[in-house]
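# Summary of structural features
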Amino acid sequence: MLEMNSIFCYGQIIIANNAVVSVDQNFVNIFGFSSLDEMYSVQPEPLELITAGYHDQVLIRSKHLHSTPFETRGNVIYCTNKQGRKMAVFVLMQQINWEKQPALELQIFDISLKVSTQKPLNKSKHESLVEGSNQGVIIHRDFKPILVNEKWIELMAAKSVQHVIDNLNILDLIPIEYHAKAIERYQKVIAGEAIGESHIIENIRFDGEKRFFNIYDQVIHWQGEPAVEVVMVDITDKVMAEKQLAYKASHDSLTGLYNRDAIYKWITEHCAEVNAMSCMLIDLDNFKKVNDTHGHSEGDGFLKLFADLFKEQIADHGVIGRWGGEEFIVFIPNKDKKTALALAEKIRAACAQTPLLMEGKEITTTVSIGLSYTDSFAQVEPKDIIRQADEKMYVSKKSGKNRVTG
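The shown structure was predicted, so the numbers you read here are calculated from the model rather than taken from an experiment. (Residues numbered from 1 in each chain as written. Predicted model: local features only at pLDDT ≥ 70, side-chain atom pairs only at ≥ 80, totals over all residues. Heavy atoms only, no water.)

## Details of the nonpolar core
We count it as follows: Residues enter a nonpolar core if they are buried and are Ala, Val, Leu, Ile, Met, Phe, Trp, Tyr or Cys, with the set joined through side-chain atoms within 4.5 Å. Accessibility here uses a 1.4 Å probe with only protein chains present; expressed as a share of the type maximum, an area under 20% marks a residue as buried, one over 50% as exposed, and anything in between as partly exposed. Numbered from the N terminus, helices here are DSSP runs of H or I no shorter than four residues, and strands are runs of E no shorter than two. Contacts: residue pairs with any heavy atoms within 4.5 Å of one another.
Core analysis: the largest hydrophobic core is formed by 28 residues, its most contacted members being Met280, Ile282, Leu284, Phe302, Phe310, Phe328 and Ile347. Counting residues per element, the ones that place at least two in this core are strand 13 (277-284), helix 11 (287-294), helix 12 (296-314), strand 15 (327-333), helix 13 (337-352) and strand 18 (367-374). Sorting elements by how many residues they give to this core places helix 12 first, with seven residues. For Met280, the residues in contact, after removing those within four places along its chain, are Phe328, Ile329, Val330, Ile332, Ala340, Leu343, Ala344, Ile347, Ile369, Gly370 and Leu371.

Printed below as a string of structure tokens:
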């Protein structure tokens, strides 16, 4: 059975504006150099030390930081140090700010494979390394902790090392919906089937707070039996920032509903096998008068209130988004036309019967709705069913407003 060196410190390299702007001493040491000058004299492109070709991959990622949401990720890469020793390094790539601009930070951990069965793990030396690590480290067998360092205690807001050793089952820190996956992962690691992998997990700290960690787990030979060593880096801020960016990219900033791109994406992801599909276009009647009378700020509040009302009525029947201005779009899959028309009528009636308070006065705004339907959606372009709904919505407008045309 193979064993791995643990991850106890990491080197750091930062890329901004498609160039390396910072390299720390730990990075230099990991690759066997004594100084930055020595490293640059041998390798002018530090990223090439990680692996041939990695330089170009990172620069491509760096180039698109301004235009696309970034996802923190970890990879295991094999390379060679100055002395010619083969190494496995774990590279954690994440977005940071560098001089007020987005940049990439690479954290480089040496996780090189070493001799195993013929050379047992030096327990006392390993304990010393774990305890002195600036990364959270826990060693467990069947989710029962064997060794824990103080950094792990800090990351997980635990009482003490001894309290964790005496009382913890690690599954208690994992949301219950992920227990089966965690057990399956443990079994693969113990069996040596998951080598050189990292992944992001969600843990529940001892204080009840949920945090996200990028972890590297590996099998080690501990006191004559296999155990799993887990090294963890807290990336909660990165994960939340990425989720916020993804949300902003897919949602209308005023109403919180999906935007056009997200609507099309939803159709692609959820409706590949759908035959029956209805599309509604909903337009607020006389909305320009609201803006002219009460101002655009009050008009925005008006839109937000109606968006909430539409969302409540649609519930889990389908998906709703803001199409533009005072227009909203709804897709209803797997319902016949009669059911979709009934839902459209329900929305129309709810709007007509829901006065909104504005500047001390109750104002009622109606809606005009156009509904299109197909029983062969797989053969129809979404733009065509949207166009048909748009045409019918204008029929509702010309016919006196406050009505559904289907």
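So that's the structure; there's more coming.
## Points about the state of the cysteines
Spelled out, the test is: Here, the term disulfide refers to a pair of cysteine sulfur atoms separated by no more than 2.5 Å.
Counting across every chain of the model gives zero disulfides. Looking at the unpaired Cys271, the closest cysteine sulfur is the one in Cys279, lying at 11 Å.

## Details of the sheet that holds strand 11 (residues 210-222)
Heads up, the rule is: Strand pairing follows a simple DSSP-based rule, namely that at least 2 bridges must link the two strands. Every axis in this analysis is a line fitted to C-alpha atoms, fitted for helices over the stretch in contact. Angles between the N-to-C directions lie between 0 and 180 degrees.
Here five strands make up an open sheet; going across it, the order is 9-8-12-11-10 and the pairing antiparallel. Each end of this open sheet is capped by a strand with a single partner; those strands are strand 9 (144-148) and strand 10 (198-204). Taken over all neighbouring pairs, the strand axes of this sheet differ in orientation by 40° on average, direction set aside. Against the sheet, helix 5 (residues 123-131) contacts strand 8 (136-141), strand 9, strand 11 and strand 12 (225-234), and its axis sits at roughly 170° relative to strand 11.

## Remarks on the sheet that holds strand 18
With respect to topology, five strands assemble into an open sheet ordered 14-15-13-18-19, the strand pairing being mixed. Each edge of the sheet is formed by a strand with only one pairing partner; in this case those strands are strand 14 (319-324) and strand 19 (404-405). Where strand 18 and strand 19 come together, two bridges link them in parallel fashion. Bridge pairing in strand 19 places Ile369 opposite Val404. Contacts between helix 14 (residues 382-398) and the sheet are confined to strand 13, strand 14, strand 15, strand 18 and strand 19, with strand 18 contributing the most and set at about 145° to the helix.

Function cannot be inferred from these measures alone, as they are strictly geometric.
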